[in-house]
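Remarks on the overall topology
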Amino acid sequence: MALSLIESAKLAADSGETKRAAVIEMFARASAWLNSLVFQSIPGNAYAYNREGVLPGIAFRGTNEAYAESTGIINPFVEALRICGGDLDCDLALMQMFGAGIRAKHEAMKIKALAAEVTRVLVKGDSIAQPREFDGLQARLAGLQVVSNAAGAGGAALSLANLDLAIDRTAAPTAIWCNHGMKRLFSAALRTVAVSGQIIAAAKDDFGKPVLTYAGLPLLPPYPDNDGVEVIDNVEVATGGGATTTSMYVVGVGEGKFAGLQNGTMQVRDLGEINAAPVMRTRVEWLMGLCLEHGRAATRVRDINPALAIVP
């Protein structure tokens, strides 16, 4: 069964694993994308599945006629898990000077950094350039699952008609992933009835924070990664040339669609004081990956010029 991070945190708390529950909840709070995903637990180090390719043909026949045989195409896929995590050391002298709470603060910083890196890989991951990470959505989506917002150089203002097309091409969409700049453009469009009508609205997320929605789907920007750079940047090369565009992703999260993979939930281990230095070490490790089990579980809208206001 696929579980969200919040559900995993509740299970850990119910089992008396309060520290692991707190760490898992930190991941959900640190990244809106991770919070919107569900994670399917699998045995071993890989997940093999079949994705529908082409449906079989169907025909009508006359009396005493035979049907033409037609078999659909099933494409096999294998998703390998990756190992991500990190060690955190807190000096015993700091703990003596500032109390045990200083260790918790450093652990929270480590979790935010790790969540930011996993969030980056969800979209920008490239296993060819970096074999230790999995492929993100940008590397996976092609064909009809990529909608070009404009053919010219430098892209164009986001057309809501193109975003609607991406939503229609996504099986059971649940959210729209974008950067903070695009979210601000939607905030501006919300104040312009001629653009937004009644389709852009405000709501709240799992933590009570305000979130914009478009066509009933929450617009979710990630938190910036470690150096403050947006995960979905504004320097993507447009179809017609010019590295000044960005993208948005319509995702259909769920078991059998677009989901994360993990071999058990993330592990949080208190290793205590290590021999090499007078520090207390905490290790966080997560065997995880990504799965697009449905061929239309996500759609990318590319060639968006983020410097221009949204148009209908």
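Structure: see above.
Residues numbered from 1 in each chain as written. Predicted model: local features only at pLDDT ≥ 70, side-chain atom pairs only at ≥ 80, totals over all residues. Heavy atoms only, no water.

Further remarks concern the pattern of salt bridges. This structure, assessed with the given rule, holds 13 salt bridges. The salt bridge involving glutamate 25 is made with arginine 29; its shortest N-O contact spans 3.1 Å. A residue pair is termed a helical-turn pair when its members lie 3 or 4 positions apart in one helix, as glutamate 25 and arginine 29 do in helix H2 (residues 18-30) at four residues. The exposure class of arginine 29 is partly exposed, given its relative accessible area of 42%. Glutamate 133 is paired through a salt bridge with arginine 120; the nearest N and O atoms lie 2.9 Å apart. Within this pair, whereas glutamate 133 is found in the loop between helix H5 (101-124) and helix H6 (137-140), its partner arginine 120 is found in helix H5, the two being separated by 13 residues in sequence. Judged by relative accessible area, glutamate 133 falls into the buried class, the value being 12%. Salt bridges sharing common partners tie together Asp87, Asp89, Arg281 and Arg283. (Salt bridge = Lys/Arg side-chain N within 4 Å of Asp/Glu carboxyl O. Helix = DSSP H or I, 4+ residues; strand = E, 2+ residues; numbered from the N terminus. Buried < 20%, exposed > 50% of the residue type's maximum accessible area, 1.4 Å probe, protein only.)

Turning next to the side chain of asparagine 179. Structurally, the position occupied by asparagine 179 is in the loop between strand E7 (175-177) and helix H8 (180-190). In this structure the side chain of asparagine 179 is engaged in a polar contact, spanning 3.2 Å, whose partner is the backbone nitrogen of glycine 181. In this structure the side chain of asparagine 179 is engaged in a polar contact, spanning 3.0 Å, whose partner is the side chain of asparagine 234. Residues within four places of asparagine 179 in sequence aside, it is in contact with Pro221, Glu230, Ile232, Asp233, Asn234 and Thr246. (Polar contact = N/O pair within 3.5 Å; in protein donor to acceptor, adjacent residues only side chain to side chain. Contact = heavy atoms within 4.5 Å.)

Every other side chain in a regular strand lies on the same face of the sheet, so the side chains alternate between the two faces. Burial within strand E14 (residues 279-292) is extensive, with ten of its 14 residues counted as buried. Of the pairings in the sheet, the one linking strand E5 (residues 82-91) to E14 comprises ten bridges and is antiparallel in character. Counted as the bridge partner of leucine 88 is threonine 282 from E14. Where strand E12 (residues 258-262) meets E14, five bridges bridge the pair, whose relative direction is antiparallel. Following the sheet pairing, phenylalanine 258 is matched in E14 by leucine 292. The pairing of strand E13 (residues 267-273) with E14 spans six bridges and is classified as antiparallel. (Pairing = 2+ DSSP bridges.)

The subject of this paragraph is helix H1 (residues 5-14). For H1, the full list of buried residues reads Leu5, Ile6, Ser8, Ala9 and Ala12. Projected down its long axis, H1 shows its buried positions confined to an angular sector of 160 degrees, all on one face. Seen from the buried face of H1, the exposed residues on the opposite side, beyond 90 degrees, are Lys10 and Asp14. The secondary structure elements touched by the buried residues of H1 are strand E1 (2-4), H2, helix H3 (32-36), strand E2 (38-41), E12 and E14. (Arc of directions from axis to C-beta.)

Among the nonpolar cores identified, the biggest contains 46 residues, and Leu5, Phe27, Leu137, Trp177, Val251 and Phe258 are the most heavily contacted of them. Broken down by element, the residue count for this core peaks at seven residues, all from H5. Those residues in contact with phenylalanine 258 that lie beyond four places of it in its chain are Leu37, Leu137, Trp177, Val251, Gly252, Val253, Leu290, Cys291, Leu292 and Ala297. Counting 21 residues, the second-largest nonpolar core is a separate cluster that includes Ile176, Ala189, Leu219 and Val250. (Core = buried A, V, L, I, M, F, W, Y, C linked by side-chain atoms within 4.5 Å.)

Quick look at the packing of aromatic side chains now. The full count for this structure, using the stated rule, is five aromatic pairs. For the pair phenylalanine 27 and tryptophan 286, a centre-to-centre distance of 5.6 Å together with 75 degrees between the ring planes defines the contact as edge-to-face. With a gap of 259 residues between them, phenylalanine 27 in helix H2 and tryptophan 286 in strand E14 connect regions that are remote in the sequence. The pair formed by phenylalanine 27 and tryptophan 286 is uniform in burial state, with each residue classed as buried. Measuring from ring centre to ring centre gives 5.7 Å for tryptophan 177 and phenylalanine 258, while their planes differ by 65 degrees; the resulting arrangement is edge-to-face. Highlighted residues: tryptophan 177 in strand E7 and phenylalanine 258 in strand E12, separated in sequence by 81 residues. (Phe/Tyr/Trp six-rings, centres within 6.5 Å; stacked < 30°, edge-to-face > 60°.)

Everything listed is a geometric property; what it means functionally is a separate question.
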